[in-house]
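Understanding the architecture of this molecule
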2 protein chains.
Amino acid sequence: MAKGAGMIHPQLATMLAVVTTDYPLEAGEPIAFLRPAVDTSFNRISVDGECSTNDAVVLLANGASGVERTAERDAELASALAQVCGALAREIVADGEGTTVLLEIAVTGAVSDDEAAAVARRIATSPLVKTAAFGHDPNWGRVLAAAGSAPWNGGFAHVDPDRMTVCFDGTEVFVRGEPTGATPDLGGTAVAIDLDLGLGSGSAAYLASDLSYDYVRLNAEYTT
Amino acid sequence: MAKGAGMIHPQLATMLAVVTTDYPLEAGEPIAFLRPAVDTSFNRISVDGECSTNDAVVLLANGASGVERTAERDAELASALAQVCGALAREIVADGEGTTVLLEIAVTGAVSDDEAAAVARRIATSPLVKTAAFGHDPNWGRVLAAAGSAPWNGGFAHVDPDRMTVCFDGTEVFVRGEPTGATPDLGGTAVAIDLDLGLGSGSAAYLASDLSYDYVRLNAEYTT
């Protein structure tokens, strides 16, 4: 169970999620199972780049299944948690304030996983990438520009345009420094943006919403 | 002379500005006069938080005035440059893509000037602050939330809600932890947001645009 809408860019703080299991866990144990699942799900989504003050993910385990714990079953729980958290996180973005298009951003070929995450996060929060998505425009230039301005270690992430390749919905639009001229039709409610930096083996994924008239309307008309 | 529109969040890289003077400067000298003026003008504006690839500010000096240089006249040039750059930077934001309201953000009482700038920058780029401005809403909560999530030194800027005071157009709406209940009418084309952090003597100013339907339209319809 999860709710979200706006102020979604969790670093865990208005997102609420509760996962329940009848698997037997001791008090204090759930966090060790939950944290890795949260790191690649709820902590990798962005609606508007705004952090909330009270995001929370809770795992409740009552042991009612009565199953015997084994290392293998613990691993199955961890895997199931990652799936459930991933599915809930995706629904939060799809249901975000003003969302019309879900962006599935995957960055590969980074120097490290952390640097890939920084690049993916910058693309996920770029107003120009998000308005292009609202306009169904496979605008690789905005993806490259966002990647090149990703904050990293007090400076910027490592990028080299001549090594970068960008695909929209699986179609290559920019390959190692050169546009291919392809203009894939982005008519769906989800768009996959794959960026290969061509530098190393670091990778990260991020889910984001587009930036639409309705996001502006909801947040300009609403007052507290 | 200056042009801008979108992709305005200069760290000096589509903003172009040229300042001319007939004051006598030697080759290589203009940068020393220009840099301090740029730091507090062109580098303190944001339309959409997007950096461009080719912002440039140029100072051309031909010495045609034939005046004798003195330390006092050099200081006058520096002061005039700061004024001219400040006025041009303000025009760029007012003329930004979709701008309907100019936000004049002033942060005082920070631990340091640099930390004040980080807080001001976060407020200037917050979608929630910018949509509230489009809705003419004196939403102090969004200002506080933005300040509290300002990235600083790998963590977040120092803030304490009980020491923070927020004014919209000079009216106190939140004083040291408590809302005043005042709801100033923000009907104009400019809004002053003053945030006193109450922690130290650091200060910084920033100019920003609101986030409007037209910003979304311009950047969703435009394709490259």
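Worth saying up front: this structure is predicted, and the values here are computed from it rather than measured. (Residues numbered from 1 in each chain as written. Chains lettered and ligands numbered in written order. Predicted model: local features only at pLDDT ≥ 70, side-chain atom pairs only at ≥ 80, totals over all residues. Heavy atoms only, no water.)

Residue-level contacts link 31 residues of chain B with 32 residues of chain A. Interface area, chain B with chain A, both sides summed: about 2400 Å², of which 56% is carbon and sulfur. At the junction of chain B with chain A, the criterion picks out two residue pairs in polar contact (both at pLDDT 80 or more). At the level of secondary structure, the elements contributing two or more residues to the side of chain B that touches chain A comprise α4 (127-134), α5 (140-148) and α6 (213-221) of chain B. At seven residues, the largest contribution of residues to the side of chain B that touches chain A is made by α6(B). Looking at the side of chain B that touches chain A residue by residue, the class counts come to 14 nonpolar, ten polar and seven charged. (Contact = heavy atoms within 4.5 Å. Buried area = accessible area lost by both parts, 1.4 Å probe. Polar contact = N/O pair within 3.5 Å; in protein donor to acceptor, adjacent residues only side chain to side chain. Helix = DSSP H or I, 4+ residues; strand = E, 2+ residues; numbered from the N terminus. Nonpolar A, V, L, I, M, F, W, Y, C, P; charged D, E, K, R; others polar.)

Let's shift gears to empty space enclosed by the protein. Over the atoms rolls a probe the size of a water molecule, and in doing so it shows where empty space is left. For the largest cavity, the calculated volume is near 70 Å³. Considering the residues around the largest cavity, the lining is formed by A:L103, A:V129, A:A132, A:A133, A:D137, A:N139, A:R142, A:V143, A:F168, A:L186, A:V191 and A:I193. Residue assignment for the lining of the largest cavity shows that the elements contributing at least two residues are α4 (127-134), α5 (140-148) and β11 (190-196) of chain A. The element contributing the most residues to the lining of the largest cavity is α4(A), with three residues. Class assignment of the residues belonging to the lining of the largest cavity gives a composition of nine nonpolar, one polar and two charged. Put simply, the second largest cavity is a space of about 60 Å³. Lining the second largest cavity are B:V129, B:A132, B:A133, B:D137, B:N139, B:V143, B:F168, B:L186, B:V191 and B:I193. It is α4(B) that contributes the most residues to the lining of the second largest cavity, three residues altogether. (1 Å grid on protein atoms, 1.4 Å probe; cavity = no way out; pocket = protein on both sides within 12 Å on 5 of 7 lines; lining within 4 Å. Points joined across faces, edges and corners; volume = space filled by probe spheres on them.)

The subject of this paragraph is the sheet that holds strand β12 (residues 202-209) of chain B. Residue and element names in this part refer to chain B. The strand order β3-β12-β5-β11-β8-β9-β10 describes an open sheet built from seven strands, whose pairing is mixed. Edge positions in the open sheet fall to β3 (45-46) and β10 (178-179), since each of these has one partner strand only. Strands in contact with helix α3 (residues 113-124) are β3, β5 (102-110), β11 (190-196) and β12; relative to β12, the strand with the most contacts, it is inclined by about 20°. Strand contacts of α5: β8 (165-168), β9 (171-175), β10 and β11, with the helix running at about 130° to β8, the strand carrying the most contacts. (Pairing = 2+ DSSP bridges. Axes fitted to C-alpha atoms, helices over the stretch in contact; angles between N-to-C directions.)

Attention now goes to the pattern of salt bridges. If you walk through the whole model with that rule in mind, you get twelve salt bridges over all chains. The closest approach of N and O atoms between A:E104 and A:R90, which form a salt bridge, is 2.7 Å. In this pair, A:E104 sits in strand β5 (residues 102-110) while A:R90 sits in helix α2 (residues 71-94), placing the two residues 14 residues apart along the sequence. By relative accessible area, A:E104 is classed as partly exposed at 26%. For B:E29, the salt bridge identified is with B:R69, shortest N-O distance 2.6 Å. With B:E29 in the loop between β2 (16-21) and α1 (30-39) and B:R69 in the loop between β4 (56-61) and α2 (71-94), this residue pair connects regions lying 40 residues apart in the sequence. Here B:R69 falls in the partly exposed class, since its relative accessible area comes to 29%. Each of A:E29, A:R69 and A:D74 takes part in a single network of salt bridges with overlapping partners. (Salt bridge = Lys/Arg side-chain N within 4 Å of Asp/Glu carboxyl O. Buried < 20%, exposed > 50% of the residue type's maximum accessible area, 1.4 Å probe, protein only.)

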